[in-house]
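If you want the building blocks of each chain, they are given just below.
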Amino acid sequence: LPILERRTMAVMLSYALEHQLWEEAWVITEPLVRYWEARGLDEEAAEWTNRILQVTRQPDGSPPPLASPAGGLWLFVAGAQAIWQARTGHPADSERTFRQILAMLQAQPASAEQRSRIAVALHGLGNTAHLQGRVEEAQEWYRKSLAIKQELASRSGVAGSYHQQAMNAMHEGRIAEAEQLNRQSLAIREELDDRSGMAASYHELGILALGQFRLQEAQELFVKSLDIAEELGNRTAMASTYHQLGMTARALGLADLAEDWYGRSVAIFEELGDRRGLASS
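Residues numbered from 1 in each chain as written. Predicted model: local features only at pLDDT ≥ 70, side-chain atom pairs only at ≥ 80, totals over all residues. Heavy atoms only, no water.

Q: Looking at this model, I keep getting lost on the overall build of the protein. Mind explaining?
A: If you tally the helices and strands in the protein, you get 14 helices and zero strands. What you see in the protein, going N to C, is helices and strands ordered as α-α-α-α-α-α-α-α-α-α-α-α-α-α. Its C-alpha atoms give the protein a radius of gyration of 20 Å, near enough to 19 Å, the size a compact globule of 281 residues would have. In terms of overall dimensions, the protein has C-alpha extents of about 65 × 45 × 35 Å along its principal axes. Within the span of the protein, comprising 281 residues, buried residues form 46% of the whole. In the protein, 52% of the contacts between residues at least 6 apart in sequence involve partners at least 24 apart. (Helix = DSSP H or I, 4+ residues; strand = E, 2+ residues; numbered from the N terminus. Rg over C-alpha atoms; globule rule 2.2 N^0.38 Å. Buried < 20%, exposed > 50% of the residue type's maximum accessible area, 1.4 Å probe, protein only. Contact = heavy atoms within 4.5 Å.)

Here it is, written out as structure tokens:
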């Protein structure tokens, strides 16, 4: 988003929150969340999500009823906050947020939408358990989430579950299983034309190929991932893929090319204030 448009949307969101126009606030918040995530603007995202969660609370400090417009906005923003908490190195906080979301959802009348949202919360709890080293617990959360997604015939959700299970398998050294799961995820994402998901699958398959010294294949997969990340303007994904292309070029003995890729990665990590990524590159 151009800076003027961002400022305009921020002013509109402030107005909607001040006047309790919850549905309008939700419409404004959704594209902003996607933008913050793509650009790695975690501090800006945290500031807004904390504000929204605060103003939607009831007088006693509890979250609003989920069936209300304020509750719908709260649920969307709380889910986004939980994802950012996990991504920025606060998995315990993310787990608490997901557990609160899950408890509130489980108290709602049963419906396909309720089940779908529960599956998302279960998947999030799997992520937080994995980040905290509780691998078996993470797998159990993922199994529960996947069962609901399959029950609801949610192809996108099933692809996401396969992707996360593949990452767990890779970290545990089950390389063949990780590759199979990633290819299953990619097949569904290609079927759905899920561009962001396809980029993530190509990236993970590239890492697996690089780890097995299938260097040309790794390079091709990373380039596919990068093309989509650049198309979507996802700066965080671009920086990560530049870094992987640097590693691949180095393994191929192309030192100058590797340095160029690393330099591009460093430039974006500096722009985003991503100190962990910057240190790595």
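Here the narrative resumes.
Q: Please clarify how the nonpolar core should be interpreted in this entry.
A: The nonpolar side chains of a soluble globular protein tend to be buried, and buried together. In this structure, Leu13, Leu17, Trp36, Trp74 and Ile101 are the most contacted members of the largest nonpolar core, which totals 40 residues. Mapped by element, the contributors of at least two residues to this core are α1 (3-18), α2 (22-39), α3 (42-55), α4 (69-87), α5 (91-106), α6 (112-131) and α7 (135-151). The element best represented in this core is α4, accounting for nine residues. Aside from chain neighbours lying at most four places away, what touches Trp74 is Leu53, Thr56, Pro63, Pro64, Leu66, Gln100, Ile101 and Met104. (Core = buried A, V, L, I, M, F, W, Y, C linked by side-chain atoms within 4.5 Å.)

Q: Whenever I open this one, the side chain of Gln85 confuses me. Can you help?
A: Topologically, Gln85 is positioned in helix α4. Discounting chain neighbours no more than four positions away, the residues touching Gln85 are His90, Pro91, Asp93, Ser94 and Thr97.

Q: Can you walk me through unusual backbone geometry in this structure?
A: Notably, Asp193 is not glycine yet its phi reads approximately 55 degrees, a positive angle. The residue Asp193 is located in the loop between α9 (175-192) and α10 (195-211) in this model. Residues other than glycine seldom take positive phi values, yet Phe213 does so here, at roughly 60 degrees. Within the element layout of this structure, Phe213 appears in the loop between α10 and α11 (215-232).

Q: Explain the pattern of salt bridges to me, please; I cannot follow it from the model alone.
A: Pairing of side chains with opposite charge becomes possible as their charged atoms draw close. Evaluated as defined, the whole model comprises 18 salt bridges. With a shortest N-O distance of 2.8 Å, Arg143 and Glu140 are connected by a salt bridge. Here Arg143 pairs with Glu140, and both are found in helix α7, just three residues apart, close to one helical turn. For Glu140, a relative accessible area of 33% translates into the label partly exposed. Linked by salt bridges that have partners in common, Glu95, Arg99, Arg134 and Glu137 make up one network. (Salt bridge = Lys/Arg side-chain N within 4 Å of Asp/Glu carboxyl O.)

Q: Honestly, the packing of α3 against α4 in this entry has me stumped. Any pointers?
A: When two helices pack together, their arrangement is given by the angle between the helix axes and by the axis-to-axis distance. Running from N to C, α3 and α4 cross one another at 145 degrees; their axes reach a closest spacing of 10 Å. For the element pair α3 and α4, the recorded crossing hand is left-handed. Every residue of α4 that contacts α3 at Asp42, Ala45, Thr49, Asn50, Ile52 and Leu53 is listed here: Leu73, Trp74, Val77, Ala78, Gln81, Trp84 and Arg87. Class assignment for the residues of the contact of α3 with α4 results in eight nonpolar, three polar and two charged. (Axes fitted to C-alpha atoms, helices over the stretch in contact; angles between N-to-C directions. Left-handed = near helix turned anticlockwise from the far one by under 90°. Nonpolar A, V, L, I, M, F, W, Y, C, P; charged D, E, K, R; others polar.)

Q: I tried to follow the packing of aromatic side chains on my own but got confused; where do I start?
A: Within this structure, the stated rule accounts for three aromatic pairs. Note on Trp36 and Trp84: the rings are 6.1 Å apart at their centroids and 55 degrees apart in plane angle, and the pair reads as tilted. Of the two residues, Trp36 sits in helix α2 while Trp84 sits in helix α4, which places them 48 residues apart along the sequence. Taking the ring centre of Trp141 as reference, the NZ or CZ of Lys144 above it sits at 5.3 Å. (Phe/Tyr/Trp six-rings, centres within 6.5 Å; stacked < 30°, edge-to-face > 60°. Lys NZ or Arg CZ within 6 Å of the ring centre and 35° of its normal.)

Q: Please explain the side chain of Asn182 as it appears in this structure.
A: Here Asn182 is to be found in helix α9. The buried category is assigned to Asn182, whose relative accessible area is 1%. Those residues in contact with Asn182, other than ones at most four positions away along the chain, are His163, Ala166, Ser201, Glu204, Leu205 and Leu208.

Q: Which parts of the structure should I look at to understand α2?
A: Helical periodicity: at 3.6 residues per turn, an α-helix aligns residues three or four positions apart in one direction. Helix length check: α2, at 18 residues, gives a terminal C-alpha distance of 25 Å against a target of 26 Å (1.5 Å per residue), a fit within 8%. The sharpest bend along α2 reaches about 25 degrees and sits at Thr29, with the proline Pro31 one to four residues further on. Immediately beyond the C-terminal end of α2, within one or two residues, lies Gly40, with a positive phi of roughly 70 degrees. (Expected span 1.5 Å × (residues − 1). Bend = angle between axes of the 7 residues up to and from the residue.)

Q: For this particular structure, what's the right way to read α7?
A: The terminal C-alpha atoms of α7, which comprises 17 residues, lie 24 Å apart, in line with the 24 Å expected from a rise of 1.5 Å per residue. Inspection of α7 places Ala138, Trp141, Tyr142, Ser145, Leu146, Ile148 and Lys149 among the buried residues, and these make up the whole buried set. Summarising the axial view, the buried residues of α7 lie within an arc of 160 degrees, below the 170-degree limit, and thus occupy one face. In α7, those exposed residues whose orientation departs by more than 90 degrees from the buried face are Glu136 and Glu151. (Arc of directions from axis to C-beta.)

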